[in-house]
Amino acid sequence: MNRNRFIYGLLMVIVMLMGLASRQFFGDIPWVKLYVGDALWALMVFFGFGLLFKRWLTKSVTLAALLFSFTIELSQLYHAPWIDGLRATRLGALVLGFSFVWSDFLCYSLGIALGAFIEWSMSSSKGSSRQNYQRIPRKSLL
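Every value quoted in this text rests on a predicted model; they were computed, and no experiment measured them.

Undergrad: Account for the overall build of the chain, with residues named and values stated.
TA: Broken down by element type, the chain carries six helices and zero strands. When the elements of the chain are put in sequence order from the N terminus, they spell out α-α-α-α-α-α. Within the chain, the proportion of its 142 residues that are buried is 33%. Long-range contacts, defined here as pairs at least 24 residues apart, represent 68% of the contacts in the chain between residues at least 6 apart. Just so you have it, the chain exposes about 9900 Å², and 70% of that area is on carbon and sulfur atoms.

In structure tokens form, the structure reads like this:
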């Protein structure tokens, strides 16, 4: 796999804006407030790993994004003054979250699965267009 870093950076920014917009404009809808932001956060993490590790296989990016997301969620079980101080900042709250919730594991899994599907769709559409323009050697009749 050889990902285009510009495209993955752009995808990250788009997903970040979608996540912030979901909280700003649809935060009153309970399922959006509880689940959509977490799935979008994990999707952004997937694209972030794709951006950083552009030659990794999709399954490696998927696994790394899952491990990172699950570790962040598990870190929410730990409360010490220094990490709670980080969580008190806007950026710290967006990255680290506040409290452990089991359903976040499902949201992260769905967001990362969506990222893997998007990547698979993008790579398979590239492959099919390349095949259309490849020159196929003809066998000699003799």
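Undergrad: Outline the pattern of salt bridges, listing residues and values.
TA: Within the structure shown, the criterion is met by two salt bridges. For the salt bridge of Glu 119 with Arg 3, the shortest nitrogen-to-oxygen distance reads 2.7 Å. With Glu 119 in helix H6 (residues 103-133) and Arg 3 in the segment before helix H1 (5-26), the pair connects residues that are 116 residues apart, well separated along the chain. Each member of the pair Glu 119 and Arg 3 is classed as buried. The shortest N-O distance in the salt bridge between Asp 84 and Arg 87 comes to 3.0 Å. Taken together, the residues span about one helical turn, with Asp 84 and Arg 87 both in helix H4 (residues 81-87) at a distance of three residues.

Undergrad: Any chance you could break down the side chain of Asp 38 for me, citing the residues and the numbers?
TA: In this fold, Asp 38 is placed in helix H2 (residues 30-52). For the buried residue Asp 38, which engages in no salt bridge, the nearest side chain bearing the opposite charge is Arg 23, 4.6 Å off. If we skip the residues at most four places from it in the chain, Asp 38 touches Asp 104, Cys 107 and Tyr 108.

Undergrad: Describe in detail the environment of Leu 11, supporting the description with residues and values.
TA: Its location among the elements puts Leu 11 in helix H1. In the structure, Leu 11 is positioned 40 residues away from Leu 51 in sequence and 9.6 Å away in space, judged by C-alpha atoms. Dropping the residues within four chain positions of it, Leu 11 is found in contact with Phe 47 and Met 122.

Undergrad: Any chance you could break down the packing of aromatic side chains for me, citing the residues and the numbers?
TA: Taken as a whole and assessed by the stated rule, the structure comprises 13 aromatic pairs. Seen from their ring centres, Phe 49 and Phe 53 are 6.0 Å apart, and the 20° between their planes marks the pair as stacked. Here Phe 49 falls in the buried class, since its relative accessible area comes to 18%. Three or more aromatic residues joined by ring pairs make a cluster, and in this case those are Trp 41, Phe 49, Phe 53, Trp 56, Phe 68 and Tyr 108.

Undergrad: Report on the nonpolar core, specifying residues and quantitative values.
TA: Ranked by internal contacts, the top residues of the largest apolar core, which has 23 residues, are Trp 41, Phe 46 and Phe 47. Breaking this core down by element, the ones donating at least two residues are H1, H2, helix H3 (58-75) and H6. Broken down by element, this core gets its largest block of residues, nine residues, from H2. Beyond its immediate chain neighbours, meaning those up to four positions away, Phe 47 contacts Tyr 8, Leu 11, Met 12, Val 15, Gly 115 and Ile 118.

Undergrad: Which residues make up the environment of Tyr 35, and what are the values?
TA: By the secondary structure assignment, Tyr 35 is in helix H2. For the pair Tyr 35 and Ser 103, spaced 68 residues apart in sequence, the C-alpha to C-alpha distance is 8.0 Å. If sequence neighbours within four positions are ignored, Tyr 35 has contacts with Ser 103 and Cys 107.

Criteria and thresholds
Residues numbered from 1 in each chain as written. Predicted model: local features only at pLDDT ≥ 70, side-chain atom pairs only at ≥ 80, totals over all residues. Heavy atoms only, no water. Helix = DSSP H or I, 4+ residues; strand = E, 2+ residues; numbered from the N terminus. Buried < 20%, exposed > 50% of the residue type's maximum accessible area, 1.4 Å probe, protein only. Contact = heavy atoms within 4.5 Å. Areas by Shrake-Rupley, 256 points an atom, 1.4 Å probe, with all protein chains shown as cover. Salt bridge = Lys/Arg side-chain N within 4 Å of Asp/Glu carboxyl O. Lys, Arg positive; Asp, Glu negative; His and termini not counted. Phe/Tyr/Trp six-rings, centres within 6.5 Å; stacked < 30°, edge-to-face > 60°. Core = buried A, V, L, I, M, F, W, Y, C linked by side-chain atoms within 4.5 Å.

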